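# Geometric and topological summary
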Amino acid sequence: MCVSEGKLPAEDAPSNAESPGPSRVPGPYAILRHRDYVLYTLARNIAVIGQRVTTVAVGWQLYTRTKDPMALGWIGLVQFLPVLILALPAGHAADRFGRKQIVQCAQAVMILSAIALALVSASNAANHWIYLCILVSSLASGFSGPARAAMLPQFVPQVDYEPAIRWSTSMFQVASMVGPALGGWVLAISHGVATPAYLVDAVCGVVAFGLVAMAKMRYGSAPSNRTPVTFESLTAGLRFVWARRIILATITLDLFAVLLGGAVALLPIYATDILKVGPAGLGWLEAAPAAGALCMALALQHLPSIRRPGVAMLWAVAGFGVATIVFGVSRSFELSMVMLFLTGALDNISVVVRSTLVQLLTPNEMLGRVSAVNNVFVSSSNQLGGFESGLVARLVNPVFSVVSGGIGTVLVVLAVAAAWPEVTRFRHDNESKAH
């Protein structure tokens, strides 16, 4: 989704451009000529496949062991806290030190965590060891998240930012679709034993580590480690986002929509107790949102740009809430799959709008810290939303948790439209009105 065809204000133009010429190969596939970008994208998404396999296995293992919705909620909280605690220092590190080295070190820790999970599972150790492994992996992922996001503009010239973001989003959705389906298949053939799934994650991590090592960062300036660590430098990303109201509005919309619409966190309960489809069915349920997001991402690659992306995003998030409500009350596996597919397709619109705004309006020297804020507001909301969903499911029931979350998402859309009217006024053919 293209955000603006007009020129960005001079003060907002990214500083990492090398004034490259236009793409030599026209069309939506031109971006694939950048070898290092392709290596980076493959590495990121192979790692995502492994992580999604582990997500399915951990949720299945803990819920079948405990039959307690809060066992799933604790997963979300354990994943959320490292992102919250590390956000500001991780963003600052991404703007001071080698981003590629940060990502590789974190990937190595995540590989070791996956191996540890396999050992814990094989030995039938207590559940707290599973949570500890998740915590270590989340610490590594949380610290590397801003660096990973800030690396993308250094693999392509500025003229290719938007197609690079679109392709990254599309491939991420492919990985998010393949990973859960693969996780469900591995659980099914292993008769519900999670150990093989964790080993698959470790292998994916090794492959991703090697691909990142091969990729070269050819564009933009390297982060400077001469910047002193001060309170002002740590919080610069927060101030930057706060000053650009269109970015703040889209991040806030995503935050509360995902926080309240956390149906995915309860899928092990739906697969086991409500839809009764087993581990293989869980894999398909987990993959359905990513399949919808992939279809939408590919459609956006070929369709004309949306002239009023703010309005489109509001309608998409409202539709996400409605689809969540229908999923919550569904007792049909097929209808549930369709609703999850729609949640992924509609969510993808907001992902592309927000990601494009952040990448285009943020200077390279600030991109790590702004990405860290983005991670806290959006990425971590998935984990915190999982905790909220598990808590409400225990206090009331899973269906109430999902349905009330969908209703809350629709209410958030109305609140954002009222609080930030510039979202509805933002037009594709405007100059950027990010301030």
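Residues numbered from 1 in each chain as written. Predicted model: local features only at pLDDT ≥ 70, side-chain atom pairs only at ≥ 80, totals over all residues. Heavy atoms only, no water.

## Things to note about the overall build of the protein chain
Check the secondary structure of the protein chain and you find 16 helices and zero strands. Taking all 435 residues of the protein chain together, the buried fraction comes to 57%. Long-range pairs, those at least 24 residues apart, make up 89% of the contacts in the protein chain between residues at least 6 apart in sequence. In the structure as shown, the protein chain presents an accessible area of about 17,200 Å², 69% of it carried by carbon and sulfur atoms. (Helix = DSSP H or I, 4+ residues; strand = E, 2+ residues; numbered from the N terminus. Buried < 20%, exposed > 50% of the residue type's maximum accessible area, 1.4 Å probe, protein only. Contact = heavy atoms within 4.5 Å. Areas by Shrake-Rupley, 256 points an atom, 1.4 Å probe, with all protein chains shown as cover.)

## Section: the side chain of lysine 100
As for its placement among the helices and strands, lysine 100 is situated in helix H3 (residues 99-122). Reaching out from lysine 100, the side chain makes a polar contact with the backbone oxygen of valine 212 at a distance of 3.4 Å. Lysine 100 has contacts with Met151, Val212, Ala213, Ala215 and Met217, leaving out every residue within four places of it along the chain. (Polar contact = N/O pair within 3.5 Å; in protein donor to acceptor, adjacent residues only side chain to side chain.)

## Description of the packing of helix H1 (residues 35-66) against helix H10 (residues 267-274)
It is at 9 Å that the axes of H1 and H10 come closest, and there the two elements cross at 50°. Classified by the angle their axes make, H1 and H10 are oblique. As for the relative orientation of H1 and H10, their crossing is right-handed in sense. Residues Gly59, Trp60 and Tyr63 of H1 form the contact with H10, whose own contacting residues are Pro268, Ile269, Thr272 and Asp273. Here the residues of the contact of H1 with H10 sort into four nonpolar, two polar and one charged. (Axes fitted to C-alpha atoms, helices over the stretch in contact; angles between N-to-C directions. Parallel < 35°, antiparallel > 145°, perpendicular 65-115°, else oblique. Left-handed = near helix turned anticlockwise from the far one by under 90°. Nonpolar A, V, L, I, M, F, W, Y, C, P; charged D, E, K, R; others polar.)

## Points about the environment of glycine 344
Mapped onto the fold, glycine 344 is located in helix H13 (residues 333-361). For glycine 344 and alanine 288, which are 56 residues apart along the polypeptide, the C-alpha to C-alpha distance reads 7.4 Å. Not counting the four nearest positions on each side in its chain, glycine 344 is found in contact with Pro289, Gly292 and Ala293.

## As for the nonpolar core
Within the largest apolar cluster, 41 residues are counted, with the highest numbers of intra-cluster contacts made by Val58, Leu62, Ile75, Ile130, Tyr198, Tyr270 and Phe327. Counting residues per element, this core draws most heavily on H1, which supplies seven residues. Excluding its chain neighbours within four sequence positions, the residues that come into contact with tyrosine 198 are Thr54, Ala57, Val58, Gln61, Ala114, Leu117, Ala118 and Ser121. (Core = buried A, V, L, I, M, F, W, Y, C linked by side-chain atoms within 4.5 Å.)

## Description of the confidence of the model for the protein chain
Mean pLDDT over the protein chain works out to 79, with 81% of the residues at or above the 70 mark. Of all the helices and strands in the protein chain, helix H7 (residues 231-234) carries the lowest mean pLDDT, 60, while helix H6 (residues 195-214) carries the highest, 94. Residue range residues 1-25 is modelled with pLDDT below 50. Its contacts to residues more than four positions away, or to other chains, number 73 contacts. Counting contacts from residues 430-435, a segment whose pLDDT is below 50, to residues more than four positions away or on other chains yields 24 contacts. (pLDDT = per-residue confidence, 0-100.)

## Focus: unusual backbone geometry
Although it is not a glycine, lysine 67 adopts a positive phi angle of roughly 55°. For lysine 67, the location among the structural elements is in the loop between H1 and helix H2 (69-94). Not every positive phi belongs to a glycine, and asparagine 124 is a case in point at roughly 55°. As for its position among the elements, asparagine 124 is in the loop between H3 and helix H4 (127-151).

## Some points on the pattern of salt bridges
Applying the stated criterion across every chain, the model contains three salt bridges. The partner of arginine 35 in a salt bridge is aspartate 36, with the nearest N and O atoms 2.9 Å apart. The class of arginine 35 is partly exposed, set by a relative accessible area of 45%. In this structure aspartate 36 comes out as buried when scored by relative accessible area, which is 4%. One salt bridge connects lysine 67 with aspartate 273, and the closest N-O pair in it is separated by 3.9 Å. Remark: aspartate 273 occurs in helix H10 and lysine 67 occurs in the loop between H1 and H2; sequence separation between them is 206 residues. Judged by relative accessible area, which is 45%, lysine 67 ranks as partly exposed. (Salt bridge = Lys/Arg side-chain N within 4 Å of Asp/Glu carboxyl O.)

## Focus: helix H8 (residues 236-243)
When we look at burial in H8, the residues that qualify are Ala236, Gly237, Phe240 and Val241. When H8 is viewed along its axis, its buried side chains cluster within an angular range of 130° and face the same direction. (Arc of directions from axis to C-beta.)

## With respect to a nonpolar patch on the surface
A surface patch of nonpolar side chains, about 450 Å² in accessible area, is lined by Val109, Trp129, Leu132, Leu135, Val136 and Leu139. With five residues, H4 is the largest single contributor of residues to the nonpolar patch. Secondary-structure assignment places leucine 139 in helix H4. Judged by relative accessible area, leucine 139 falls into the partly exposed class, the value being 37%. (Patch = residues over 30% accessible without salt bridge, like charges linked within 9 Å, V, L, I, M, F, W, Y side chains within 5 Å.)

## Here's the deal with H1
Spanning 32 residues, H1 covers 47 Å between terminal C-alpha atoms, matching the ideal 46 Å at 1.5 Å per step. The first or second residue beyond H1 is lysine 67, which carries a positive phi of 55°. (Expected span 1.5 Å × (residues − 1).)

## Details of the environment of valine 399
Residue placement: valine 399 occurs in helix H15 (residues 398-419). Sequence separation between valine 399 and alanine 263 is 136 residues, and the spatial gap between their C-alpha atoms is 9.3 Å. Aside from chain neighbours lying at most four places away, what touches valine 399 is Tyr270, Ile274, Gly328 and Arg331.

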